[in-house]
Amino acid sequence: MIQSKGELRRTKLLERIKETGKASIGDLMEATDSSIATVRRDLELLEKSNKIIRTIGGAIYDEGSGRNAELAFAEKRDVSREGKERIAAAAASLVEEGDIICLTGGTTTFLIARALKNHQNITVVTNAVNIANELFDAEGVQVVVSGGVMRHKSYELIGPLAESVIEKLNITKMFLGVDGVSQEHGFTTHNELEARIAQLFIARSSKVYAVYDQAKLQKTALFTIIPYDKVTGVITDLDDESGD
């Protein structure tokens, strides 16, 4: 089978990343004699195929163990749906009139957004375009979107534009979606850029609640967002843990 010019370039990129386990954008530009925009597009395509993991300065090789691989939003939307809806209802019950709420991306936080649609006089700040879209017709909810470049798997906006907006915000309560939860590694996510955005939101929030269903417990994704004991509380569908 004859490979296209783009496929040949991405094969070369992947080989370069695999050689040392990681590579910077500058290294990849030099290796393929490509522009920064081309390298970024190629990295996005390689990440979609689960061959690499994007980082702030480039990419690292993902050997793909499979069990903890990142799933797209559509693939995990209906997993543990009843538990996630209970979490969403509990989270929404903590929201009061006048609150400025932050929702990061995720299937549980998406359901929290849905549960907030009938609230009055609140503001929801999010970096997830599907959450913003869910709230577009909620008359009592003002929606603030961070801006940035969208990741297709999570619909989250990332990058310098998102960071510059978040640094100017003041948030009452944040609901943090995660990919893994453990005492040792804390609350984790698959993508470094999303972890960075979440950390900036945390720094601007008075209270931070991690929201997760039992399927996330004792799983660890690659990047730690925040240690386990540094959040205000957790909201989960487990009987032995509750939000505060």
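Owing to the predicted nature of the structure, the values given are computational and were not obtained by experimental measurement. Numbering of residues starts from 1 in every chain and runs along the sequence as written. Since the coordinates come from a predicted model, pLDDT governs what is reported: local features require at least 70, and pairs of side-chain atoms require 80 or more to be given and counted, while whole-chain, interface and lining totals use all residues. Computation of side-chain values: all heavy atoms of the structure, hydrogens and water removed.

Provide a residue-level description of the sheet that holds strand E2 (residues 52-54), including the pertinent values.
What the three strands build is an open sheet, ordered E1-E3-E2; its pairing is antiparallel. One side of each edge strand has no neighbouring strand; the edge strands of this open sheet are strand E1 (22-24) and E2. Pairwise comparison of adjacent strand axes, ignoring direction, gives a mean angle of 20° for this sheet. The criterion for strand pairing is that DSSP finds at least two bridges linking the strands in question. In DSSP terms, a helix is any run of H or I states spanning at least four residues, a strand is any run of E spanning at least two, and both are numbered starting from the N terminus. Bridge count for E1 against strand E3 (residues 58-61) is three bridges, and the pairing is antiparallel. Residue pairing for E3: Ser24 is matched across the bridge by Gly58. All axes here are fitted lines through C-alpha atoms, helices being fitted over the stretch that makes contact, and every angle between N-to-C directions spans 0 to 180 degrees.

Mind laying out the sheet that holds strand E13 (residues 223-226), listing which residues take part and the relevant values?
Ordered in space as E10-E11-E13, the three strands form an open sheet in which the pairing is antiparallel. Each edge of the open sheet carries a strand with a single partner, namely strand E10 (180-182) and E13. Strand-to-strand twist across the sheet, computed as the mean angle between neighbouring axes with direction ignored, equals 35°. In terms of strand pairing, strand E11 (residues 186-189) meets E13 through three bridges, oriented antiparallel. In the strand pairing of E13, Thr189 is matched with Phe223. Only heavy atoms enter the contact rule, under which two residues are in contact if any of them lie within 4.5 Å. Strands in contact with helix H9 (residues 192-203) are E11 and E13; relative to E13, the strand with the most contacts, it is inclined by about 10°.

Run through the side chain of Asp237, naming residues and quoting values.
Within the fold, Asp237 resides in the segment after strand E14 (233-236). The buried label applies to any residue whose accessible area, calculated with a 1.4 Å probe on protein chains only, is under 20% of its type's maximum; exposed applies above 50%, and partly exposed to all values in between. Asp and Glu are treated as the negative residues and Lys and Arg as the positive ones, with His and the ends of the chain left uncounted. By definition, a salt bridge exists where a carboxyl oxygen of Asp or Glu is found within 4 Å of a side-chain nitrogen of Lys or Arg. For the buried residue Asp237, which engages in no salt bridge, the nearest side chain bearing the opposite charge is Arg86, 4.3 Å off. Any pair of N or O atoms that falls within 3.5 Å is considered a polar contact. Within protein, one atom must be able to donate a hydrogen and the other to accept it, and sequence-neighbouring residues count only if both atoms are side-chain atoms. Reaching out from Asp237, the side chain makes a polar contact with the backbone nitrogen of Gln214 at a distance of 2.8 Å. In terms of polar contacts, Asp237 uses its side chain to reach the side chain of Thr236, at 3.4 Å. For Asp237, the contacting residues outside a window of four places in its chain are Gly83, Arg86, Ile87, Tyr212, Asp213 and Gln214.

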